[in-house]
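An overview of the molecular structure
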Amino acid sequence: MHRKTLAVLALFLFAFTVSFAQTKVVSVSGTIKDKAAKTVLPFVNVVLKTEKDTVFVTGTVSNEEGRFTLSNVNPDNYFLEISYVGYTTKRQSLFVGTLSEFLEVPTIELEEATQTLGEVTVTAKQDEISGKMDKKTFSVEDNISQSGGSVLQTMQNLPGVTVQDGKVQLRGSDKITVLIDGKQTALTGMGSQTGLDNIPASAIEKIEIINNPSAKYDANGNAGIINIIYKKNKQDGFNGKAGIATGLGSLWVRKQNLPNIRPQYQFTPKVNPTLSFNYRKNKVNAFFQGDYLYTQTLNKNEFVTRTYDDGTIIKQQTKRNRNTHFANAKAGIDWYINDHNMLTVSGLYGLEKIIDNGDQPFFNSDLSERLRLWQFLEDELKTTVMASTVYQHKFKQLGHVLNAGVNYTFHREDEKYFFDNILPTYSGKDAFALISDEHVVDINTDYVRPLKYGRIEGGLKFRWREIPTNMKFIPGLNSPLDTTAGGAATYKEIIPALYANYVYESKKFEAEVGLRVEYVNINYVVGSIHPTYKTDGYNYTQPFPNVRLAYKINDNNKLSLFYNRRVDRPNEVDIRIFPKYDDAEIIKVGNPALRPQFTHLIELGYKTNWKSGYFYSAAYHRLADGTITRIRTIVPNTTLIYSVMQNAGRSYATGLDITLSQDITKLFSFNLNLNGYHNRLNAFTVLNKYPQETTYSSPTRQIFSGNAKLNTFFHLPLKFEIQLSAIYLAPDLIPQGKIGHRFALNLGVKKLIQKGKGELFLNATDLANTMVTREDIRGNGFNYVGYDYYETQVIRIGYSYKF
């Protein structure tokens, strides 16, 4: 009896002890590797879901060593979902018990997706729109129909993006900030859209479209941010990729020239070799990305009819045959000092050479008399050098980091124009030369600290920027050039900024609240005696808040509400005082009195996911004060038109953006994007001061517009993939007028060879040659209609190999 009592007491005591020793939460960790190469895989998505009803529990990404940690996991039955671009998504069962507070998962190995192309496509499409619904991410390699082209050409296929007059638009606005690897650089005009048509897409890994940026990003760009991310490998050992693409454009003449000018470019060649590699050993990773792009293009081929109120009619053609050489190299070293500290030093060099041979004949209404022939040669050389140093410190807490960086950019623009001004009674030779040296220093510090239910972010940025520019006019006989408008001018910019951001997440609700405060001081110093413009500038200290509130209806449905206040500061070229004569009678000039455009955006988004696709919609309203635009006016008693940058009235855009992505079968999938909006520009009056004071008044103008894009994907046997894309752009408002509808079909075919290491592609853009731009412009005393038959149809073929 005594023994039985002792046994029962002992059993009870043991059970009591075990019950109190059981762990309530567990930290799960492990390592992820490439199955074939046995190398670790950094930045892999790891998601933990319940086994019973697949409810999302938590998630993370692996670090540079392929390690991941999931903290505060309750004991239960789960499965891990591991996904990574280019690899097959893996699901692995996981039992989390109660006897240990730490659980080490055996090494997880992922297989490259070359054997299961369909699965890669599914994963990529589901991840295009982020869970926060603030951005879309697109892999450049997946855009088969634009492979071998430029970044600008690649963007034409992306949902929600349109290209008009060589500029990217988001939801009908071209006020966009363009970043490269998260930074503004002179390669793209320090955030503007310069040079996108000359950056090879082969150098780019992915493109992020950020419609609702947080306070972390610069406040510039009311329509959003486009972040172009260069390729960079971090795998152990020596790895790389080499490729070559070539093609032909302008396969036939779409519209014959006006009489007696030089021929249009036809069968224009394109060549794009590319090489990227990295070598990683122990604590050092060295990387290189080099690209060369040579193109001949019929860059512009516009036929314009100008009609004046006095009955004068002038017909003109602007034809520009362009040769472009673009060389780009980026190299650097990542030094993993220890587990908590890393230093990256990198440099970028870009060289862009443009030769334009242009013809611009002017005729009377029935083409019986040529009034003038304006021929020009443009010789432009752009040189960009960038040096960057970034230091990162990782604290012991996962995700607790401090980043600090310094970036210096030099950009030279060396531009020369030579003109032949041929009239019935005489001929003259004119020229001008412009040189501009841009210097930019950026200093950044960013801090992130995870919290129990979110994180806090904060940082500061300081920018110093200076652009001295000198224009020299060389007049000929009876020169039409305004030689008094030359000389020197210097753009000076100082912008310190602070930001803070708080992110909260619970089972049902999400919130992100941020504030960025910027002080901006801009001075444009006119160093010569200009007939119209004097030294000018502005400064301000302004807050730029952002708010995101989200409600998770369930695992597959979410509502998000966004608010952003942003600004568009005029670019240096927008205020540049020198007239540009690449069009002899429609002359562009800047305006140093131009002021920033401030914008408010509110958006309501909804996203629902299902096993084989997703549906996303966003209703948005954007209000802009001091809308920046070009205003065209005529000089009294002449037919000359001057196009001057101005702040017009208040403008609005209200619209609905819809994206549907669906895998129909393993062999076929598609995504459809529809964007419809109402554009309105209130009545305004402005004064164009150059070359003579002319007042222009506009009534309220509005239009319903939009665009549609359909991308279809065929995943065929023998590792073939086909992409067919259709693009429709509805008529839309442009300054003082309207642009007509446009339509294009693009086709691409890709095949993997050499056990997935090699890739062949063939594509064709604008298959039916239907992409023609029509513009209708109305000013005081004139109107004109223009049709631009520039090169849009290109056929390319290419090959690349991974090593």
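Because the structure is a prediction, the values reported are computed rather than measured. (Residues numbered from 1 in each chain as written. Predicted model: local features only at pLDDT ≥ 70, side-chain atom pairs only at ≥ 80, totals over all residues. Heavy atoms only, no water.)

Within the chain, the regular secondary structure consists of four helices and 45 strands. Computed over C-alpha atoms, the radius of gyration of the chain comes to 29 Å, within 12% of the 28 Å expected from 2.2 N^0.38 for 803 residues, which places it in the range of a compact globule. For the chain, the spread of C-alpha atoms along the principal axes amounts to about 130 × 55 × 45 Å. Expressed as a percentage of its 803 residues, the buried residues of the chain come to 52%. Contacts in the chain between residues far apart in sequence, at least 24 positions, make up 68% of those at least 6 positions apart. Of the roughly 34400 Å² of accessible surface on the chain, a fraction of 60% belongs to carbon and sulfur atoms. Computing the positive centroid from 92 side-chain charges and the negative centroid from 78, the chain places the two 5 Å apart. (Helix = DSSP H or I, 4+ residues; strand = E, 2+ residues; numbered from the N terminus. Rg over C-alpha atoms; globule rule 2.2 N^0.38 Å. Buried < 20%, exposed > 50% of the residue type's maximum accessible area, 1.4 Å probe, protein only. Contact = heavy atoms within 4.5 Å. Areas by Shrake-Rupley, 256 points an atom, 1.4 Å probe, with all protein chains shown as cover. Lys, Arg positive; Asp, Glu negative; His and termini not counted. Charge placed at Lys NZ, Arg CZ, Asp CG, Glu CD.)

Looking now at the pattern of salt bridges. Note that side chains of opposite charge can pair when their charged atoms are close. Taken as a whole, this structure holds 45 salt bridges when the rule is applied. Close ionic contact of Lys35 with Glu111 constitutes a salt bridge, the shortest N to O distance being 3.1 Å. Taken together, the residues span a long stretch of sequence, with Lys35 in the loop between strand 1 (26-34) and strand 2 (45-50) and Glu111 in the loop between strand 8 (108-110) and helix 2 (117-126) at a distance of 76 residues. The partly exposed category is assigned to Lys35, whose relative accessible area is 38%. Taking relative accessible area as the criterion, Glu111 reaches 37% and is therefore assigned partly exposed. Connected via shared salt-bridge partners are Glu505, Glu510, Glu512, Arg548, Lys552 and Lys558. (Salt bridge = Lys/Arg side-chain N within 4 Å of Asp/Glu carboxyl O.)

Here we come to the sheet that holds strand 14 (residues 224-230). The strand order 9-13-14-12 describes an open sheet built from four strands, whose pairing is mixed. Of all the strands in the sheet, just strand 9 (135-139) and strand 12 (176-180) have a single pairing partner and so form its edges. Recorded for the sheet is a direction-independent mean angle of 15° between the axes of neighbouring strands. Examined bridge by bridge, strand 13 (residues 204-210) and strand 14 share six bridges and lie antiparallel to one another. Bridge assignment links Ile207 to a residue of strand 14, and that residue is Ile228. (Pairing = 2+ DSSP bridges. Axes fitted to C-alpha atoms, helices over the stretch in contact; angles between N-to-C directions.)

On to the pairing of strand 34 (residues 668-681). Taken together, the 13 bridges between strand 33 (residues 651-663) and strand 34 define a ladder with antiparallel strand orientation. Within strand 34, the residue paired with Ala653 across the bridge is Asn679. Relative to strand 37 (residues 701-716), strand 34 runs antiparallel, the two sharing 14 bridges. Opposite Leu681, over in strand 37, you have Arg701 as the bridge partner.

Let us look at the pairing of strand 2. As judged from the five bridges shared by strand 2 and strand 3 (residues 56-61), these two strands associate in the antiparallel manner. Residue Val46 lies in a different strand from strand 3, and its bridge partner there is Thr60. Joining the antiparallel neighbours strand 2 and strand 3 is a turn of five residues, in which Thr54 adopts a positive phi near 50°.

Looking now at the packing of aromatic side chains. A ring pair, where both rings are aromatic, is described by two values, the distance of the centres and the angle of the planes. Counted under the stated rule, the structure contains 24 aromatic pairs. Between Phe432 and Phe473, the aromatic rings sit 5.9 Å apart at their centres with planes inclined by 70°, giving edge-to-face as the arrangement. With Phe432 in strand 22 (residues 427-451) and Phe473 in strand 23 (residues 454-474), the pair connects residues that are 41 residues apart, well separated along the chain. The same class applies to Phe432 and to Phe473, which are both buried. On the numbers, 6.4 Å between centres and 15° between planes, the contact of Phe782 with Tyr784 is stacked. For Phe782, a relative accessible area of 1% puts it in the buried group. (Phe/Tyr/Trp six-rings, centres within 6.5 Å; stacked < 30°, edge-to-face > 60°.)

On to the sheet that holds strand 3, then. Strand pairs in the sheet, formed through backbone hydrogen bonds, run parallel or antiparallel to each other. Across the sheet, which stays open at both edges, the four strands sit in the order 3-2-5-6 with antiparallel pairing between neighbours. Each end of this open sheet is capped by a strand with a single partner; those strands are strand 3 and strand 6 (90-96). Going across the sheet, the axis of each strand differs from the next one's by a mean of 25°, ignoring polarity.

What follows covers the nonpolar core. Counting 51 residues, the largest nonpolar core has Trp374 and Tyr581 as the members making the most contacts within it. Apart from residues lying up to four places away in sequence, Trp374 is in contact with Gly358, Asp359, Gln360, Phe362, Phe419, Asp420, Asn421, Pro480, Leu481, Tyr581 and Ala584. Residues Val140, Leu158, Leu196 and Ile228 belong to the second largest nonpolar core, which totals 26 residues. (Core = buried A, V, L, I, M, F, W, Y, C linked by side-chain atoms within 4.5 Å.)

This part takes up the confidence of the model for the chain. On average, residues of the chain carry a pLDDT of 88, and 93% of them reach 70 or more. Per-residue pLDDT stays below 50 along residues 1-23; that stretch engages in seven contacts with residues further than four places along the chain or on separate chains. Contacts for the low-pLDDT stretch residues 115-126, under 50 throughout, to residues beyond four places or in other chains number 28 contacts. (pLDDT = per-residue confidence, 0-100.)

Turning our eyes to something else, we now look at the environment of Thr629. Inspection of the secondary structure assignment puts Thr629 in strand 31 (residues 628-634). Taking the C-alpha atoms as reference points, Thr629 and Leu594, separated by 35 residues in sequence, lie 9.9 Å from one another.

On the surface, a nonpolar cluster with roughly 670 Å² of combined accessible area is contributed by Phe509, Leu549, Tyr551, Ile553, Leu559, Leu561, Ile602 and Leu604. Where the nonpolar patch is concerned, the elements lending two or more residues are strand 26 (536-554), strand 27 (557-568) and strand 29 (597-610). For the nonpolar patch, the element with the most residues is strand 26, which contributes three residues. You can see Ile602 is positioned in strand 29. Assessed through its relative accessible area of 42%, Ile602 is described here as partly exposed. (Patch = residues over 30% accessible without salt bridge, like charges linked within 9 Å, V, L, I, M, F, W, Y side chains within 5 Å.)

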